[in-house]
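Breakdown of the fold
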Amino acid sequence: MRKEVERILITDDQIARRLKTLARAIERDFRGRELVVVSLLNGTVIFLADLIRHLNLPLHLDFIGVSSYGAGTESGDLIFTKELRLDVRGRDVLLVDDILDTGKTLSRVLTKLRALKPRRIKICVLLDKPARRVEKIKADYVGFEIPDLFVVGYGLDYAERYRNLPYVGVLHPHVYQPPAKTPVRHERT
Ligand code: PRP
């Protein structure tokens, strides 16, 4: 385990098992339909790659690039870095993201997607952190509900690092919190 990771929250085995269950639920709901999987860059890539290999459905894959401005732990303003290329009008869309946190990202993306008139949109997220929600939004498929902890790994980053960790881990606060100032003692000479 990396020294910046305080503890492992979800192991790679737990993720692998949960993904199979999620895939079965998605297959049941979309049986007989061809799916357009729309995945949000960048954090989703590892989750997406594992999930779709369990999906026994015909599907097309496309990406929307969206990112919170800045490198901190708070979601801020959003910028779109890549637009959807596939036509989703009248299609069944599975929108995939790594984490549903405040909900600002998925809420903005949903508004954009709905304007393209798909037949239906279902949301799938690996992690759901309801404690920080500010937008009224729910995912249809959730891998794991987690408490309000700063997590990294399995695609999730802090300042673009730790995405390649095979598990979801809790980042040690010293990584993102500046060290507390120690009072400087001025000795009289
Ligand atoms: C993260 C994450 C989600 C979003 C969730 O993306 O991948 O898309 O934040 O937060 P929210 O529910 O508060 O909007 P980020 O902007 O960090 O980009 P990334 O996917 O490139 O890591």
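Residues numbered from 1 in each chain as written. Predicted model: local features only at pLDDT ≥ 70, side-chain atom pairs only at ≥ 80, totals over all residues. Heavy atoms only, no water.

For the rest of this paragraph, the subject is the sheet that holds strand E3 (residues 59-68). Ordered by their spatial adjacency, 6 strands build an open sheet running E4-E3-E2-E5-E6-E7, and the pairing between neighbours is mixed. With one partner strand each, in any of the chains shown, strand E4 (78-82) and strand E7 (141-145) form the two edges of the open sheet. The sheet shows a mean angle of 25° between the axes of neighbouring strands, direction not considered. Contacting strand E2 (35-41), E3, E4, strand E5 (92-100) and strand E6 (120-128), helix H3 (residues 104-114) runs over the sheet at an angle of about 165° to E5. (Pairing = 2+ DSSP bridges. Helix = DSSP H or I, 4+ residues; strand = E, 2+ residues; numbered from the N terminus. Axes fitted to C-alpha atoms, helices over the stretch in contact; angles between N-to-C directions. Contact = heavy atoms within 4.5 Å.)

This part takes up the packing of aromatic side chains. Evaluation of the coordinates by the stated rule reveals 3 aromatic pairs. These aromatic residues form a ring-pair network of at least three members: Phe150, Tyr158 and Tyr176. Residue placement shows lysine 112 over the ring face of phenylalanine 80; its charged tip is 4.3 Å from the ring centre. Across from the ring centre of phenylalanine 30, 4.4 Å away, lies the NZ or CZ of arginine 120, which sits over that ring. (Phe/Tyr/Trp six-rings, centres within 6.5 Å; stacked < 30°, edge-to-face > 60°. Lys NZ or Arg CZ within 6 Å of the ring centre and 35° of its normal.)

E5 sits mainly inside the fold: 9 of its 9 residues count as buried. Here 5 bridges tie E2 to E5, and the two strands are oriented parallel to one another. Bridged to valine 38 within E5 is leucine 95. Here E5 runs beside E6; their pairing, made up of 8 bridges, is parallel. Along E6, the bridge assignment pairs valine 96 with cysteine 124. Note that the unit made of E5, H3 and E6 has a crossover that is right-handed. (Buried < 20%, exposed > 50% of the residue type's maximum accessible area, 1.4 Å probe, protein only. Right-handed = clockwise from strand over helix to strand, strands pointing away.)

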